[in-house]
Amino acid sequence: MIRGSPLPTYLALAALACASLTACATAEIVGRQDETSKSAIEDPPGKPGGKTLLIAMPDSRDFLDARRGLVAEVKKDFNVITFVVTPTTTIDDLAAAIERNTPVCLVLMNNTTLALFQKYQARPSARATPPAVVLMTSFLEEVASGVKGITGIAYEVPAVTGFINLRMVVTARIDRIGVVYRPAFGRFVARQRDLAAREGIETVPMAVPADASADQLRTALQALREQGKIDALWLLNDNGLIHDGAFIAATWRPILQEMNIPLLVGVPNLVDPAQPFGTLSVVPDHESLGLQAANLIFDLADNNWNVGDHPIELPLSVKTVVDVRQVRERFGLRSDALHHVDRALDQSP
Amino acid sequence: MKEPLPRQRARMTVAVRSRWLGALFLLFALRAAPVAPAQTNKPELHVFLQLDAKSGALEKLLQQQLPTLGVTVFSRYRDLDDASAAVKPDALVAISPVLQQRGKRPALQGTRAGKDIEPYLLVSVGNVLDGPLSGKTIGAVDVMGRDGTQAFVAVLLKTNDIKVKRVAKTEDLLPLLEFSAADGILIPSSALARLTERTRLPIKSKEAPGGSVGLPALAIFNEANKETITKALLAMDAATKKILGIDAWSAR
């Protein structure tokens, strides 16, 4: 606790300490003052003449985790400059950061940042833009076609990864998995179906309209139940399929009760023994995503930064949350399952 | 709807805005401070093994099994490296190459069926990876950082001309095969059963030509606590040793 007013002295000491630390550097932050004050990003010391990676990203937790994993890997080989993107960051801000730091490669995190970069590329005054590795951006494979010189890692966990993890938790058979999807997700579901087929898992898709009502969703789920002979359901990360608690109560819950099959979800909040819904949640492991991104950056560096030879990768590493009580009571818990999940939720009744 | 605040720029550098320097200093001080587990009076044991069990579950188990020790299990090499740099543990359990990288020799060597080494397997889909491996992409768990893991894999495969795709955790190797992101993966032979349990891919394997690797072993960093630590490990039950991939400890 600070008594009296030692703060000025403290600040003077701090200033002296920091002034003597030529390596002490912070991220470039452009945005509202209240947001800048929360930032805890500190870039590693740069080396004179070193090649620079410019990381453009929001400063919320998941992005910071990915950055931590990435920076730990690349800091010996590159100077790292972090540029925090906020809702008020403009193309001019991004352009200034790129032109000031002349990075050999950019790392862009999230759709907003990628959209800024796309607009930056489109400016008549834009110089040759550096290649970019894109992370944590929804449906990257779809949006990448509109942006030049990028590669990256898809953000969506491949369904097959979830299916395999589900198999390793429950004793019940998992061979056919149903999924309801809106048209915008059609290509994504088709790709996931192909990947799952390699593992001998059949994905049974059921389309609903873009503005699917509760009735239409119930009808689709019932069709899966009656015709699909499915062993589990996979819920896409699509707000149009869940809306809110009342919508879930009117659609998913009663059908899941009737079918008595596990539900694979992509959001941990949907796994809650107190309000049973999702059986297993599989989400990206952001820190490990940073390692995967570092591998990609090293590959690019070895290949003269030619992104054209590096297709967008799928994420390799995930974290799992399981409703143990639901599994134990309804689907059978494998004897070693709890050694293989990151979070086991087991609230007693 | 709330109006956005007027846009304000806050480009921070070391030299500007002295009011930030206090916060910066604090941050620096926090970063410089040990990021080690909570300090207890117990000798601190670090564990870094490429097992299929999650580190949280293994840590809980080991804490129960080794009540006289403070146990921290690391699933990622970087986490181990960062923690070791902040505060040196009293001891480390890891495979022999990791101990050698730290200039240490085992005080206790794990054995399985009387052997203290195991072969590594080069695992692929469809066909065994016969013929020259030159130019192939091989997945491996990051056991010793970028250079160390590259060297580790190169020795085991007897070629430097390979591209190593490092993953953070053992379970991340299977997706490399599922997504055709690697020609093969390198795993300890003891990990094959679990891999084939997880997948229905037509898995093929062959022994890595570069020899075997030491099983998990204990290295002591603080000789003052050697007796306490070795005694605790020697008392470990069979089920826990099995999870570590061994069935006995042998004093060295």
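About the thresholds
Residues numbered from 1 in each chain as written. Chains lettered and ligands numbered in written order. Predicted model: local features only at pLDDT ≥ 70, side-chain atom pairs only at ≥ 80, totals over all residues. Helix = DSSP H or I, 4+ residues; strand = E, 2+ residues; numbered from the N terminus. Buried ≥ 20, exposed ≤ 12 C-beta atoms within 10 Å, placed from the backbone. Contact = placed C-beta atoms within 7 Å. Core = buried A, V, L, I, M, F, W, Y, C linked by C-beta atoms within 7 Å. Domains from an automatic or database assignment. Nonpolar A, V, L, I, M, F, W, Y, C, P; charged D, E, K, R; others polar. Pairing = 2+ DSSP bridges. Axes fitted to C-alpha atoms, helices over the stretch in contact; angles between N-to-C directions. pLDDT = per-residue confidence, 0-100. Arc of directions from axis to C-beta. Parallel < 35°, antiparallel > 145°, perpendicular 65-115°, else oblique.

J.: I tried to follow the overall build of chain A on my own but got confused; where do I start?
T.: Each helix and strand counted, chain A has 13 helices and 15 strands in total. Each of the 349 residues in chain A was classed as buried or not, and the buried ones make up 46%. Contacts in chain A between residues far apart in sequence, at least 24 positions, make up 74% of those at least 6 positions apart.

J.: I tried to follow the nonpolar core on my own but got confused; where do I start?
T.: The nonpolar side chains of a soluble globular protein tend to be buried, and buried together. Ranked by size, the top nonpolar core spans 116 residues in total, and within it Ala56, Val107, Leu135 and Ala293 of chain A together with Ile185 and Leu186 of chain B carry the most contacts. If we ignore the near neighbours within four places in the chain, the residues touching Ile185 of chain B are Val123, Ile138, Gly139, Ala140, Leu173, Leu176 and Leu177 of chain B. Counting 52 residues, the second-largest nonpolar core is a separate cluster that includes Phe163, Leu233, Val282 and Ala337 of chain A.

J.: Would you mind going over the domain arrangement of chain B with me for this structure?
T.: Many structure descriptions define interface size as the accessible area lost when the parts assemble. Residue and element names in this part refer to chain B. Here the domain parsing of chain B yields domain 1 (44-114 + 215-251) and domain 2 (117-212). Spacing between the C-alpha centres of domain 1 and domain 2 amounts to 24 Å. Where the side of domain 1 that touches domain 2 is concerned, the elements lending two or more residues are α3 (77-86) and α4 (96-101). Sort the elements by how many residues they give to the side of domain 1 that touches domain 2 and α4 lands first, with 3 residues. Among the residues forming the side of domain 1 that touches domain 2, the class breakdown is 6 nonpolar, 4 polar and 3 charged.

J.: Please clarify how the sheet that holds strand β5 (residues 117-125) of chain B should be interpreted in this entry.
T.: Neighbouring strands of a sheet are bound in pairs by backbone hydrogen bonds; such pairs are parallel or else antiparallel. All names here are of chain B. Within the open sheet, the 5 strands sit side by side as β7-β6-β8-β5-β9. Their pairing is mixed. The open sheet is flanked by β7 (163-167) and β9 (203-214), the only strands paired with a single partner. Neighbour-to-neighbour, the strand axes of the sheet open up by a mean angle of 30 degrees, direction not taken into account. Here β5 pairs with strand β8 (residues 184-188) via 4 bridges, running antiparallel. When the sheet's bridge partners are listed, Leu121 is paired in β8 with Ile187. Relative to β9, helix α5 (residues 145-157) is tilted by about 105 degrees, and along the sheet it contacts β5, β6 (137-141), β7, β8 and β9.

J.: In this structure, what is going on with the confidence of the model for chain A? I would like to understand it.
T.: Interpretation of this model should avoid reading the predicted coordinates in detail wherever pLDDT is low. Residue and element names in this part refer to chain A. For chain A, per-residue confidence averages 88 on the pLDDT scale, and 88% of positions sit at 70 or higher. Considering only residues more than four positions removed or in separate chains, one finds that residues 1-24, a stretch of pLDDT under 50, has 21 contacts. Considering only residues more than four positions removed or in separate chains, one finds that residues 31-38, a stretch of pLDDT under 50, has 14 contacts.

J.: Can you help me understand the environment of Arg123 of chain A in this one?
T.: Tracing the sequence through the fold places Arg123 of chain A in the loop between α5 (111-122) and β7 (132-135). In this structure, the C-alpha to C-alpha distance between Arg123 of chain A and Ile91 of chain A, residues 32 residues apart in sequence, is 9.2 Å.

J.: Explain the domain arrangement of chain A here, please?
T.: Along its sequence, chain A is carved into domain 1 (25-155 + 286-309) and domain 2 (159-283 + 318-345). Taking only C-alpha atoms, the centre of domain 1 of chain A and the centre of domain 2 of chain A are 33 Å apart.

J.: Mind showing me how you'd approach helix α4 (residues 91-101) of chain A here?
T.: For an α-helix, the turn length of 3.6 residues means that residues three or four places apart are oriented alike. All names here are of chain A. Within α4 the residues assigned to the buried category are Asp93, Leu94, Ala97 and Ile98. All buried residues of α4 lie within an arc of 130 degrees about the axis, which places them on one face of the element. Exposed positions of α4 whose direction lies more than 90 degrees from the buried face are Asp92 and Glu99. The positive-phi residue at the C-terminal boundary of α4 is Thr102, with phi of around 40 degrees.

J.: What exactly am I supposed to notice about the packing of α4 of chain A against α5 of chain A here?
T.: Between two packed helices, what matters for the description is the angle formed by their axes and the separation of those axes. Residue and element names in this part refer to chain A. As a packed pair, α4 and α5 sit with axes 9 Å apart at the nearest point and diverge in direction by 75 degrees. In terms of axis orientation, α4 runs roughly perpendicular to α5. Contact residues: Ile91, Leu94 and Ala95 in α4; Leu116, Phe117, Lys119 and Tyr120 in α5. For the contact of α4 with α5, the residue count by class is 6 nonpolar, no polar and 1 charged.

J.: How should the sheet that holds strand β4 (residues 108-111) of chain B be read in this particular structure?
T.: Residues and elements named next belong to chain B. Read across the sheet, 6 strands follow the order β2-β1-β3-β10-β4-β11 without closing on themselves; strand pairing throughout is mixed. With partners counted over all chains shown, the strands left at the sheet margins are β2 (70-74) and β11 (248-251), one partner each. Taken over all neighbouring pairs, the strand axes of this sheet differ in orientation by 20 degrees on average, direction set aside. In this structure, β4 lies alongside β11, joined through 4 bridges in antiparallel fashion. Each residue of the ladder has a partner; that of Gly110, found in β11, is Trp249. This element, helix α2 (residues 55-65), spans β1 (44-48) and β2 of the sheet and lies at about 160 degrees to β2. On top of the sheet, helix α8 (residues 226-234) reaches β1, β3 (91-94), β4, β10 (217-220) and β11; it is set at about 165 degrees to β10, its chief contact.

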